[in-house]
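Architecture at a glance
Each chain, written out:
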Amino acid sequence: LLNNARAINSSADILNDSAHSNPERLGQAVEGFGDNFVPLVSAAIGAASKTSDPKLQNDILEKSKSLGEVVSEMMYACKAAGGNPDAINQIEKAD
């Protein structure tokens, strides 16, 4: 789970950079970001299913859900920025 979270973090940096000034890499960055998120979801479900504590299960799944919502917002902001360094409002949302 931790390794998947690190991969998401690394992909987020690449996506953010692409949204700022590399429009030619934006599509590839989004795809890589999505590719890293699927294993994170699977790992969270697996971790939650292996614990017998319902509160811990809920915490794992809620935190994963929150991360997914933030990731979605970031991807929409990066899409709106489109690699345009002059799109200040969208870049601030992506950051």
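Everything that follows concerns the structure shown earlier in this document.
For every chain, the first residue of the written sequence is number 1, and numbering continues from 1 onward in sequence order. Per-residue local features are limited, in this predicted model, to residues with pLDDT of at least 70; the limit for side-chain atom pairs, both in listing and counting, is 80 or more; totals at the level of whole chains, interfaces and linings are taken over all residues. Side-chain numbers come from the whole structure's heavy atoms, not from hydrogens or water.

This paragraph deals with the overall build of the protein chain. Scanning the protein chain from N- to C-terminus turns up four helices and zero strands. Secondary structure elements follow DSSP: runs of H or I no shorter than four residues count as helices, runs of E no shorter than two count as strands, and numbering proceeds from the N terminus. The order of helices and strands in the protein chain, counted from the N terminus, is α-α-α-α. Relative accessibility thresholds used throughout: buried, under 20% of the residue-type maximum; exposed, over 50%; partly exposed, between the two (1.4 Å probe, protein chains only). Relative to its 95 residues, the protein chain shows a buried fraction of 31%. Contact definition: two residues touch when any of their heavy atoms are within 4.5 Å. Long-range contacts, defined here as pairs at least 24 residues apart, represent 60% of the contacts in the protein chain between residues at least 6 apart. Residue-level accessible areas treat just the shown protein chains as cover; the underlying method is Shrake-Rupley with a 1.4 Å probe. Accessible area of the protein chain: about 6100 Å², with a carbon and sulfur share of 54%.

Here the focus is helix α3 (residues 54-81). Given 3.6 residues per turn, any residue in an α-helix points the same way as the ones three and four places further on. Between its first and last C-alpha atoms α3 spans 41 Å; for 28 residues at 1.5 Å apiece the expected length is 40 Å, and the two agree. Along α3, the residues classified as buried are Ile60, Ser64, Gly68, Val71, Met74, Ala77, Cys78 and Ala81. Any N or O atom pair separated by 3.5 Å or less is treated as a polar contact, with the protein-specific requirement of one donor-capable and one acceptor-capable atom, and with residues adjacent in sequence counted only for side-chain atom pairs. The residue sitting at the N-terminus of α3 and contributing the capping side-chain oxygen is Asp53; that oxygen lies 3.1 Å from the backbone nitrogen of Lys55. Directly after α3, the chain includes Gly82, whose backbone phi takes a positive value near 60°. Between the first and last residue of a helix there are one fewer steps than residues, each counted as 1.5 Å, and that sum is the expected span.

A side-chain nitrogen of Lys or Arg and a carboxyl oxygen of Asp or Glu constitute a salt bridge if their distance falls within 4 Å. In the structure shown here, the tally under the stated rule is one salt bridge. Taking the shortest distance from any N to any O, the salt bridge between Lys55 and Asp59 comes out at 3.2 Å. Of the two residues, Lys55 and Asp59 both sit in helix α3, four residues apart, roughly one turn of that helix.

Attention now moves to the nonpolar core. Among the buried residues, those of types Ala, Val, Leu, Ile, Met, Phe, Trp, Tyr and Cys that are joined through side-chain atoms within 4.5 Å form a nonpolar core. Counting residues in hydrophobic clusters, the biggest one holds 13 residues, and the most contacted among them are Ile8, Leu15, Phe33, Met74 and Cys78. With residues up to four places along the chain from it excluded, the contact list for Phe33 reads Ile8, Ser11, Ala12, Leu15, Val71, Met74 and Met75.

Within the secondary structure, Thr51 sits in the loop between α2 (23-49) and α3. Not counting residues up to four positions away in its chain, the partners in contact with Thr51 are Leu56 and Gln57.

Moving on, we come to the environment of Ser21. Summarising the element assignment, Ser21 is placed in helix α1 (residues 2-21). Residue Ser21 is classed as partly exposed on the basis of its relative accessible area, which comes to 40%.

Further remarks concern the packing of α1 against α2. Taken N-terminus to C-terminus, the directions of α1 and α2 make an angle of 160°; their axes are 8 Å apart at the nearest point. The angle between α1 and α2 places the two elements in the roughly antiparallel class. Taken as a pair, α1 and α2 cross one another with a handedness that is left-handed. Residues Asn4, Ala5, Ala7, Ile8, Ser11, Ala12, Ile14, Leu15, Asp17, Ser18, Ala19 and Ser21 of α1 pack against Pro23, Arg25, Leu26, Ala29, Val30, Gly32, Phe33, Asn36, Phe37, Pro39, Leu40 and Ala43 of α2. Each residue is assigned to one of three groups, with Ala, Val, Leu, Ile, Met, Phe, Trp, Tyr, Cys and Pro labelled nonpolar, Asp, Glu, Lys and Arg labelled charged, and all others, Gly among them, labelled polar. Looking at the contact of α1 with α2, its residues break down into 16 nonpolar, six polar and two charged. For helices, the fitted axis covers only the stretch in contact; all axes are lines through C-alpha atoms, and the angles between them, taken along N-to-C directions, range from 0 to 180 degrees. Between 65 and 115 degrees an angle is taken as roughly perpendicular, under 35 as roughly parallel, over 145 as roughly antiparallel, and anywhere else as oblique. Two helices cross in a left-handed way if the nearer one is turned anticlockwise from the farther one by less than a right angle. They cross in a right-handed way if the turn is clockwise.

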